[in-house]
Amino acid sequence: RPWLEWMGEQTALDHAAALFITLSPGLAAGCNELPPSLRSLFRPCALATPDAALICRTELIAGGWCDAERLGAKLAALFRLAASLLSSQPHYDWSLRSLKR
């Protein structure tokens, strides 16, 4: 079994383990871009846009709501419309994170 020496200790490598990093194209304030030498060690992978209606429905079902399918679709539509029609103030958060709160 291969070993890795890190900071004076030997650790066994587990080939079933994986490491994932997020490379945001917009780069948040205070973040530095990953150097090309380190970036080349990772494989790119594309992510699909999450289905907000399905997430709403699942959260409502888990919460015990009876008409979760219809309410989930309406809640997702409300968040989508609010995000597109309301002014872009920093205190407005219409992301999935706020949807799950």
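Quick summary incoming for the structure in this document. (Residues numbered from 1 in each chain as written. Predicted model: local features only at pLDDT ≥ 70, side-chain atom pairs only at ≥ 80, totals over all residues. Heavy atoms only, no water.)

**Here we look at the overall build of the protein chain**
Counted only if it meets this: Secondary structure counts use DSSP, requiring at least four H or I residues in a row for a helix and at least two E residues in a row for a strand, with both numbered from the N terminus. Our radius of gyration looks at C-alpha atoms and nothing else; its globule reference is 2.2 Å times the residue count to the power 0.38. The contact criterion used throughout is that any non-hydrogen atoms of two residues lie within 4.5 Å. The Shrake-Rupley method, run with a 1.4 Å probe, gives the accessible areas here. Residue values count only the displayed protein chains as cover.
Scanning the protein chain from N- to C-terminus turns up 4 helices and 2 strands. Starting at the N terminus and ending at the C terminus, the protein chain contains elements arranged as β-β-α-α-α-α. Computed over C-alpha atoms, the radius of gyration of the protein chain comes to 21 Å, more than 25% over the 13 Å expected from 2.2 N^0.38 for 101 residues, which places it beyond the range of a compact globule. Across its three principal axes, the protein chain shows a C-alpha extent of roughly 55 × 35 × 25 Å. Partitioning the intrachain contacts of the protein chain with sequence separation of at least 6 by distance along the chain shows that 17% fall at a separation of at least 24. Total accessible area on the protein chain stands at roughly 9,100 Å², and carbon and sulfur atoms take up 60% of it.

**Considering the pairing of strand β1 (residues 3-6)**
What counts, and what does not: A pair of strands is considered paired only if DSSP assigns at least 2 bridges between the two.
Strand direction decides the pairing type here: β1 and strand β2 (residues 9-12), joined by 4 bridges, are antiparallel. Bridge assignment links E5 to a residue of β2, and that residue is Q10. Following β1, the chain reverses through 2 residues before pairing antiparallel with β2; M7 in that reversal takes a positive phi of roughly 55°.

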